[in-house]
Amino acid sequence: MVPQVLLGDFLAVAFYLLVGVVFAVIPIIISHLIVPRSTGRRRDETYESGMETIGSAWIQFTAAYYIYALIFLAFDVDVLYLFPVTLAYGQYTFRDCIEVVLFLGILSLAIVYAWRKGVFEWKTKEQSR
């Protein structure tokens, strides 16, 4: 036999699970009911902000774009950690300042390394030939 307190906890979790599923399913149902249906030749075309497409959607990008995006994402997430750090340190001591400067120094070294490797230099097709 399950104790009443434990049963109440299970019911609370089940209720929140049900509410989460309902909030996830209702927008899908509403969008299915009100979205306009399209048929014909234009259905298979690439949609880009309502503008007419020019050329093929299957073009190749150089790997430098992806490396640049990954570096941006990594540094963006790292810099996001600076906000909780400022809140976590109650009294701003010298040791805390050194830790933040060390963290920013390591980030700066990574940027300098990527810069020296030429990641931030965009080569056009004329330059790569």
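Residues numbered from 1 in each chain as written. Predicted model: local features only at pLDDT ≥ 70, side-chain atom pairs only at ≥ 80, totals over all residues. Heavy atoms only, no water.

**Overview of the overall build of the chain**
Inclusion rule: In this text, helices come from DSSP runs of H or I with a minimum length of four residues, and strands from runs of E with a minimum of two, each type numbered from the N-terminal end. Under the scheme applied here, a residue whose accessible area is under 20% of the maximum for its type counts as buried, over 50% as exposed, and between as partly exposed, the area being computed with a 1.4 Å probe on protein chains only. With residues, only the protein chains shown are counted as cover, and all accessible areas are computed by Shrake-Rupley using a 1.4 Å probe.
Scanning the chain from N- to C-terminus turns up 5 helices and 0 strands. Secondary structure elements in the chain, listed N-terminal to C-terminal, are α-α-α-α-α. Looking at the 129 residues of the chain, the share that counts as buried comes to 7%. Counting every atom, the chain has about 12400 Å² of accessible surface; 69% of that belongs to carbon and sulfur.

**Section: the nonpolar core**
Formally: Nonpolar cores are built from buried Ala, Val, Leu, Ile, Met, Phe, Trp, Tyr and Cys residues. Side-chain atoms within 4.5 Å join them into one set. Contacts are residue-level and defined by heavy atoms, with any inter-residue pair within 4.5 Å sufficient.
Ile 71, Phe 75, Leu 107, Ala 114 and Val 119 together form the largest nonpolar core, which totals 5 residues. For this core, the secondary structure elements donating two or more residues are helix 2 (63–80) and helix 4 (94–116). Beyond its immediate chain neighbours, meaning those up to four positions away, Leu 107 contacts Phe 75, Asp 78 and Val 79.

**Focus on helix 4**
Rules: Take the number of residues in a helix, subtract one, and multiply by 1.5 Å to get its expected span.
With 23 residues, helix 4 should reach 33 Å at 1.5 Å per residue; the first-to-last C-alpha distance of 32 Å fits that figure. Taken as a whole, helix 4 has its buried residues at Asp 96, Val 100, Leu 107 and Ala 114. At its buried positions, helix 4 is contacted by helix 2 and helix 3 (82–88). Positive backbone phi, at 85°, marks Gly 118, one or two positions downstream of helix 4.

**Comments concerning the packing of helix 2 against helix 4**
As a reminder, the rule being used: Lines fitted to the C-alpha atoms define the axes, with helices restricted to the stretch that makes contact. Angles between their N-to-C directions range from 0 to 180 degrees. Orientation is classified from the angle alone, with under 35 degrees giving roughly parallel, over 145 giving roughly antiparallel, 65 to 115 giving roughly perpendicular, and any other angle giving oblique. Charged residues are taken to be Asp, Glu, Lys and Arg, nonpolar residues to be Ala, Val, Leu, Ile, Met, Phe, Trp, Tyr, Cys and Pro, and polar residues to be all remaining types, Gly included.
In contact at an axis separation of 11 Å, helix 2 and helix 4 are set at 170° when each is read in the N-to-C sense. The angle between helix 2 and helix 4 places the two elements in the roughly antiparallel class. Between helix 2, through Ile 71, Phe 75, Asp 78 and Val 79, and helix 4, the contact on the second element is made entirely by Phe 103, Leu 107, Ala 110, Ile 111 and Ala 114. Residue classes in the contact of helix 2 with helix 4 are distributed as 8 nonpolar, no polar and 1 charged.

**Re a nonpolar patch on the surface**
The criterion, for reference: Residues forming no salt bridge and having over 30% relative accessible area are the ones grouped into patches, like charges within 9 Å of each other and nonpolar side chains (Val, Leu, Ile, Met, Phe, Trp, Tyr) within 5 Å. Only one rule defines a salt bridge in this text: a Lys or Arg side-chain nitrogen within 4 Å of an Asp or Glu carboxyl oxygen.
A cluster of nonpolar residues, Leu 17, Leu 18, Val 21, Val 22, Val 25, Ile 26, Ile 29, Ile 30, Leu 33 and Ile 34, forms a patch on the protein surface that exposes about 950 Å² of accessible area. Within the element layout of this structure, Ile 29 appears in helix 1 (residues 4–34).

**Details of the confidence of the model for the chain**
The criterion, for reference: For every residue, the predictor states its confidence as a pLDDT score lying anywhere from 0 to 100.
Taken over all residues, the pLDDT of the chain has a mean of 80, while the share at 70 or more is 84%. When mean pLDDT is taken per element in the chain, helix 1 scores highest with 92 and helix 5 (residues 125–128) scores lowest with 60.

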